[in-house]
Amino acid sequence: MSLKENSSEELLDKSRAVRPGEELDAARIFAYLSSRIEGLGVVPEIEQFPAGFSNLTYLLRFGDKELVLRRPPAGAKIKTAHDMAREYRILSKLFPVYPKVPRPLLYCEDETIVGAPFYVMERVRGHILRARPAPGLRLSPEVMRALSESFVRTLVEIHSVDFVAAGLTELGRPDGYVARQIEGWTKRYYNSQTDDVPSIDTLARWLAEHAPPAGEGALIHNDYKYDNLVLAPSELSKVVAVLDWEMATVGDASMDFGTALGYWVDRDDSEEWQQYGFGLTTLEGSFSRAELLERYAQLSGREIRRPVFYYAYGLLKIAVIVQQIYRRYRQGFTQDARFANLGLMVEACGEQALRAIEKERIDNLS
């Protein structure tokens, strides 16, 4: 099967009607943006990209011109993960030196426009792989193998960006990065805790007791996974953009790889873990986690000597992100029905990490 067999316009990532309670005032947005961005012309039609679990992302359609608006969700108090000014600065400095980011256009701190700070960027048209494939999408073993390769290559590209030349040194401090991350994510978990989850308690203690020294500093994305990649519909193995840079920083590349590994589900993982699949990595042809590790080391020249630690860290981090979203749901800040069972996913992350720790490996965990 050809890698270019998927060529339909229908594979473009689709927006939907805005969810109740998350609407924007189109006239107010137009009044603000039309004097700052050329060529808008008409009050926009507004739709929402429905699949994200974190910041809210909207499509603004001004006739033939399409822009994307990003704002924090209601009730969010996690500064770095929802800091629109920070994400806008990152994109502004990355865009001139790294071709796989959307072009940022404007940042607004005036909360009277949409109810929170926001930024606007150009839309990158393409396909985003979700947990369930779009109707008509052909994902052959050949496509999944090539896509796995592109996934790793793009992560290596990010870690190879000259962050000093790009003016991004202020993003983070590589020294002590690993210990700070374990402490920080553990604290965030307990600050957002809604239920007792013994597996997370055990995992957090184990990570604190087994943290290695931080490696050499690199630009890291911090939430790298399939549904943050825009793919060319005519050639799904080609990554045209990387989205959602709100947690990007300068830190340890191995920790970033661990986060990506946490989202990667193997075909032989337990059925329980596979039901929380974060993408389509179990399809035939996909790399396994072990193959992902081997290929990353080959392409980057970095040897990840303690993959179990970094995988377990990635799973803790994912658990905390999910827990924070779940808490907002429990507090009534969103009525999004997708969030109702996220508490079970938190527990599953902890249990998967403990399986890896017990077996001292990242594969064959079922």
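Residues numbered from 1 in each chain as written. Predicted model: local features only at pLDDT ≥ 70, side-chain atom pairs only at ≥ 80, totals over all residues. Heavy atoms only, no water.

Enquirer: Before we move on, could you go through the overall build of the chain and cite the residues and values that matter?
Expert: The helix and strand tally for the chain stands at 10 helices and nine strands. A globule of 366 residues ought to have a C-alpha radius of gyration of about 21 Å, and the chain, at 20 Å, matches this closely. Long-range pairs, those at least 24 residues apart, make up 73% of the contacts in the chain with a sequence separation of at least 6. As displayed, the chain has an accessible area near 16,100 Å², and 48% of this comes from carbon and sulfur atoms. Counting 45 positive and 52 negative side-chain charges, the chain places the centres of these two groups 2 Å from one another. (Helix = DSSP H or I, 4+ residues; strand = E, 2+ residues; numbered from the N terminus. Rg over C-alpha atoms; globule rule 2.2 N^0.38 Å. Contact = heavy atoms within 4.5 Å. Areas by Shrake-Rupley, 256 points an atom, 1.4 Å probe, with all protein chains shown as cover. Lys, Arg positive; Asp, Glu negative; His and termini not counted. Charge placed at Lys NZ, Arg CZ, Asp CG, Glu CD.)

Enquirer: Break down the packing of aromatic side chains for me, with residues and values.
Expert: Taken as a whole and assessed by the stated rule, the structure comprises 11 aromatic pairs. With a centroid separation of 6.2 Å and 35° between ring planes, the pair formed by Trp206 and Phe309 is classed as tilted. One end of the pair, Trp206, is in helix α5 (residues 198-209); the other, Phe309, is in helix α9 (residues 307-330), and 103 residues separate them in sequence. In this pair, the class of Trp206 matches that of Phe309, namely buried. Aromatic pair Tyr226 and Trp264: ring centres 5.3 Å apart, planes at 45°, arrangement tilted. (Phe/Tyr/Trp six-rings, centres within 6.5 Å; stacked < 30°, edge-to-face > 60°. Buried < 20%, exposed > 50% of the residue type's maximum accessible area, 1.4 Å probe, protein only.)

Enquirer: Tell me about helix α10 (residues 342-359), residues and numbers included.
Expert: With 18 residues, α10 should cover 26 Å at 1.5 Å per step; its first-to-last C-alpha distance of 26 Å lies within 8% of that length. Within the span of α10, buried status applies to Leu342, Gly343, Met345, Val346, Ala348, Cys349, Gly350, Gln352, Ala353, Ala356 and Ile357. Where α10 is buried, its residues touch α4 (177-192), α5, α7 (271-274), α8 (289-300) and α9. Taken from the residues just after α10, Glu360 is the one with a positive phi, measuring 55°. (Expected span 1.5 Å × (residues − 1).)

Enquirer: Just give me the short version of the side chain of Ser15, but keep the residues and values in it.
Expert: Tracing the chain through its elements places Ser15 in the segment before α1 (26-33). Taking relative accessible area as the criterion, Ser15 reaches 14% and is therefore assigned buried. One polar contact links Ser15 to Glu47, side chain to side chain, over a distance of 2.5 Å. (Polar contact = N/O pair within 3.5 Å; in protein donor to acceptor, adjacent residues only side chain to side chain.)

Enquirer: Can you tell me about the sheet that holds strand β5 (residues 118-122), naming the residues and giving the values?
Expert: Read across the open sheet, the five strands follow the order β1-β2-β3-β5-β4; overall the sheet is antiparallel. Each of the sheet's edge strands pairs with one partner strand only, and the pair in question is β1 (45-48) and β4 (104-108). Averaged over all pairs of adjacent strands, the angle between strand axes in this sheet comes to 25°, irrespective of strand direction. Bridge count between strand β3 (residues 65-71) and β5: four bridges; the pairing is antiparallel. Bridging from a neighbouring strand, Leu69 pairs with Val120 of β5. Against the sheet, helix α2 (residues 84-94) touches β3, β4 and β5, its axis set at about 155° to β4. (Pairing = 2+ DSSP bridges. Axes fitted to C-alpha atoms, helices over the stretch in contact; angles between N-to-C directions.)

Enquirer: Which residues make up the packing of α4 against α9, and what are the values?
Expert: A pair of packed helices is captured by two measures, namely the crossing angle of their axes and the spacing between those axes. As a packed pair, α4 and α9 sit with axes 9 Å apart at the nearest point and diverge in direction by 30°. Between α4 and α9, the crossing angle belongs to the class labelled roughly parallel. Between α4 and α9 lies a crossing whose hand is left-handed. Contacts between α4 and α9 involve Val178, Gln181, Ile182, Trp185, Thr186, Arg188, Tyr189, Asn191 and Ser192 on the former and, on the latter, Phe309, Tyr313, Leu316, Lys317, Val320, Ile321, Gln323, Gln324 and Arg327. When grouped by side-chain class, the residues that make up the contact of α4 with α9 number nine nonpolar, six polar and three charged. (Parallel < 35°, antiparallel > 145°, perpendicular 65-115°, else oblique. Left-handed = near helix turned anticlockwise from the far one by under 90°. Nonpolar A, V, L, I, M, F, W, Y, C, P; charged D, E, K, R; others polar.)

Enquirer: Tell me about the pairing of strand β7 (residues 229-232), and name the residues and values.
Expert: Residues Leu229 and Leu231 line one face of β7 and the alternating positions Val230 and Ala232 line the opposite face, and both faces are buried. Here β7 hands over to strand β8 (residues 235-242) after two residues, the two strands then running antiparallel side by side.

Enquirer: Can you explain helix α6 (residues 253-262)? Please cite residues and give values.
Expert: Within α6, 10 of the 10 residues are buried, leaving the element largely enclosed by the surrounding structure. Ala253, Ser254, Met255, Asp256, Phe257, Gly258, Thr259, Ala260, Leu261 and Gly262 are the residues of α6 that are buried. Capping the start of α6, Asp252 holds a side-chain oxygen 2.8 Å from the backbone nitrogen of Ser254, two or three residues further along.

Enquirer: Break down the packing of α9 against α10 for me, with residues and values.
Expert: In contact at an axis separation of 8 Å, α9 and α10 are set at 170° when each is read in the N-to-C sense. Our classification of the angle between α9 and α10 gives roughly antiparallel. The segment α9 lies against α10, with Val308, Tyr311, Ala312, Leu315, Ile318, Ala319, Val322, Gln323, Ile325 and Tyr326 engaging Leu342, Gly343, Met345, Val346, Cys349, Gln352, Ala353, Ala356 and Ile357. Here the contact of α9 with α10 is built from residues that sort into 16 nonpolar, three polar and no charged.

Enquirer: Explain the environment of Arg125 to me, and be specific about the residues and the numbers.
Expert: Its location among the elements puts Arg125 in the loop between β5 and α3 (141-160). Sequence separation of Arg125 and Val97 is 28 residues, and the distance between their C-alpha atoms is 20 Å. Here Glu66 takes part through its side chain, which lies 2.9 Å from a polar atom of the side chain of Arg125.

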